[in-house]
Amino acid sequence: MNPDLRRERAAASFNPELLTYILDGSPENTRRRREIENLILNDPDFQHEDLNFLARSQRFDVAVRKSAALVKKIREFGISEPDEIIWFKNPHKINFVDPGSLHFFMFIPTLLNQATSAQQEKWLHPAQGFEIIGTYAQTELGHGTHLRGLETTATYDPETQEFILNSPTVTSIKWWPGGLGKTSNHAIVLAQLYTKGKCYGLHAFIVPIREIGTHKPLPGITVGDIGPKFGYDEMDNGYLKMDNHRIPRENMLMKHAQVKPDGTYVKPMSNKLTYGTMVFVRSFLVRESARSLAKACTIAIRYSAVRHQSEIKPSEPEPQILDFQTQQYKLFPLLATTYAFHFVGAYMKETYHRINEDIDHGDLSELPELHALTAGLKAFTTWTTNTAIEACRMACGGHGYSHCSGLPSIYFTFTPSCTFEGENTVMMLQTARFLMKSYEQVQSGKLVCGMVSYLNDLPSQRIQPQQVAVWPTSVDICSPDSLTEAYRLRAARLVEIAAKNLQTEVSHRQSTEVAWNLTSIDLVRASEAHCHYVVVKLFTEQLLKIQDQSIQTVLRNLCLLYSLYGISQKAGDFLQESILTDSQITQVHQRIKELLTVVRPDAVALVDAFDFQDVSLGSVLGRYDGNVYENLFEWAKSSPLNKTEVHESFYKYLKPLQSKL
């Protein structure tokens, strides 16, 4: 064990094991998660050479082998709970992207949420047994987030009781779905439904694309891999072109909408029910943001405790770089953000399942807010995490650029989250649409509930947004509750400003669509403020649930740091709306510096509480034992370029060049 890390752990003010229990939900969850993780981490079937030294085709081969092994082990160990499947698959997530991941996280959940009981009886067992390997084909070459623009068609033929699927244009070719290129034999395809000469919008269909047994593409199907990407080398993101490809009527997922044998369309209770899978995945991505940032923070903070550089006082030994205030300022707000996002992710998971149960009982009242909240928080957390991972990499200096740090892999594996399952700016604008509707309700004299209830407190007499003297300025910057109130006021004001600016544009131009575009910057600001408020609110509420005093103290400090750092980054909003004064902003900056000092002794213990095993972390710099340099040298020596003392390129190119000199 590196002596620096030993000292860091001994100096912690709390027991990280107890914090791990809180993050997992209970001591029993921690025990079970570790048990499941160890099943895979200690299994020789999952040992392999470093993927960083393999070509793409080799990486894909290893990934498919491991994906198949995962399925066998899940069967063998009788793992069926969704959380347990995630625990089982997570340990190797940093080292390879699973080509079968969409099968588990999109294909099967869509069957569970959108298929009838008869359809589930037919499709679910083969899917769970991996006889059917599925993906989720929504995005097209010409359209992604704008779902109404999707061009794939499914036209019902009542004579044969079949749907005819077509990709009528080049831009309608399905593009990007993970596992589509070479792995999947079925896809849930989103297509425009046509029956009796009328289009009824997007619906989901189970489409066989490869013959079971031979795995060859079926007639009318053109399918393949889209080629190398920024990352995700192990994933066969694919394309799918369909030419008069027929499927039985029963292959339309009909839990919510139906097409009768004669072609009669039966509409769902809500059109948004078709997008249930996306809502599920977006809520999952909030948790993935916390997990990915937790890995990056663990690597950067452990390495910063081991790395000695430069000097603070002349003639004294080189300090740990974690002792530099600038390094703390780079990393500790990100550590606080990780904890904030973790608690938000847990809330989103619980809320999704609760509202899903309500939907099953016919109660759709909370669906609009769930849709808006998952869209906004998906954008807010992935944008923040994407930037934060890169900040962690740069905080590790030159070694952070090496693949051995694990940070490049975390970054390019995570960064697609900002665009898949909804491009983030569009997601923020979807949230804004809900906020504007909520504001209009309040203006018409109705009360709103849920996370937007703060709009009920807006002074209705105020005509001009500039009249802001009514806001209080008595914010206590040492109180999480008071800071939550400040964020609430900021959200309310920015929502109001966006709404009034939108109304002004509408009155000038008469076109709501044009006005929306010309107000879109204000609308995104309002959504960002709303999401920021939700995160601060949920983090603050979590503190009340913590029983252990030492852990409550350290989490309270992180909550304060997260909230105050956010204010420092958005000081203009708080000043402009007279929520805080100039002197309070000065106090905020000072309090942040004080909190960096307070968090410093607990920094290593706080990342230890995330409980990543070294194999799962995939980083030489973030090793638990801190023995970085020895292992960095060993990793470099294992590079294929070092298999020979003299590389063949010398004899082929350099030696002939030298002989002519």
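Quick caveat: nothing in here was measured; it's all calculated off a predicted structure.

Asks: It is not clear to me how the pattern of salt bridges should be interpreted in this structure. Could you clarify?
Replies: Opposite charge on two side chains allows them to pair when their charged atoms are near. Across all of its chains, the model carries 36 salt bridges by this definition. D225 is the partner of R56 in a salt bridge, and the nearest nitrogen-oxygen pair spans 2.9 Å. Within this pair, whereas R56 is found in helix α4 (residues 56-77), its partner D225 is found in strand β7 (residues 221-225), the two being separated by 169 residues in sequence. A relative accessible area of 22% means that R56 is categorised as partly exposed. Connected through salt bridges with shared partners, the residues E17, D24, R33, R34, E37 and D611 form a single ionic network.

Asks: Would you explain the packing of helix α9 (residues 325-360) against helix α15 (residues 520-543) in this entry?
Replies: In a packed pair of helices, the relevant descriptors are the angle between the two axes and the axis-to-axis distance. One can describe the packing of α9 onto α15 by two numbers: an axis separation of 9 Å at closest approach and a directional angle of 90°. In this view, α9 runs roughly perpendicular relative to α15, as classed from their interaxial angle. Contacts between α9 and α15 involve A336, Y339, A340, F341, F343, V344 and Y347 on the former and, on the latter, V535, L538, F539 and Q542. For the contact of α9 with α15, the class distribution of residues is ten nonpolar, one polar and no charged.

Asks: Sorry if this is basic, but what is going on with the packing of helix α13 (residues 480-509) against helix α16 (residues 549-569) here?
Replies: Relative orientation of the contacting elements α13 and α16 amounts to 30°, with a least axis distance of 10 Å. Between α13 and α16, the angle falls in the class roughly parallel. Between α13 and α16 lies a crossing of left-handed hand. From α13, P480, L483 and Y487 reach across to α16, where they touch R556, C559, L560, Y562, S563, L564, G566 and I567. Within the contact of α13 with α16, the residues separate by chemical class into eight nonpolar, two polar and one charged.

Thresholds applied
Residues numbered from 1 in each chain as written. Predicted model: local features only at pLDDT ≥ 70, side-chain atom pairs only at ≥ 80, totals over all residues. Heavy atoms only, no water. Salt bridge = Lys/Arg side-chain N within 4 Å of Asp/Glu carboxyl O. Helix = DSSP H or I, 4+ residues; strand = E, 2+ residues; numbered from the N terminus. Buried < 20%, exposed > 50% of the residue type's maximum accessible area, 1.4 Å probe, protein only. Axes fitted to C-alpha atoms, helices over the stretch in contact; angles between N-to-C directions. Parallel < 35°, antiparallel > 145°, perpendicular 65-115°, else oblique. Contact = heavy atoms within 4.5 Å. Nonpolar A, V, L, I, M, F, W, Y, C, P; charged D, E, K, R; others polar. Left-handed = near helix turned anticlockwise from the far one by under 90°.

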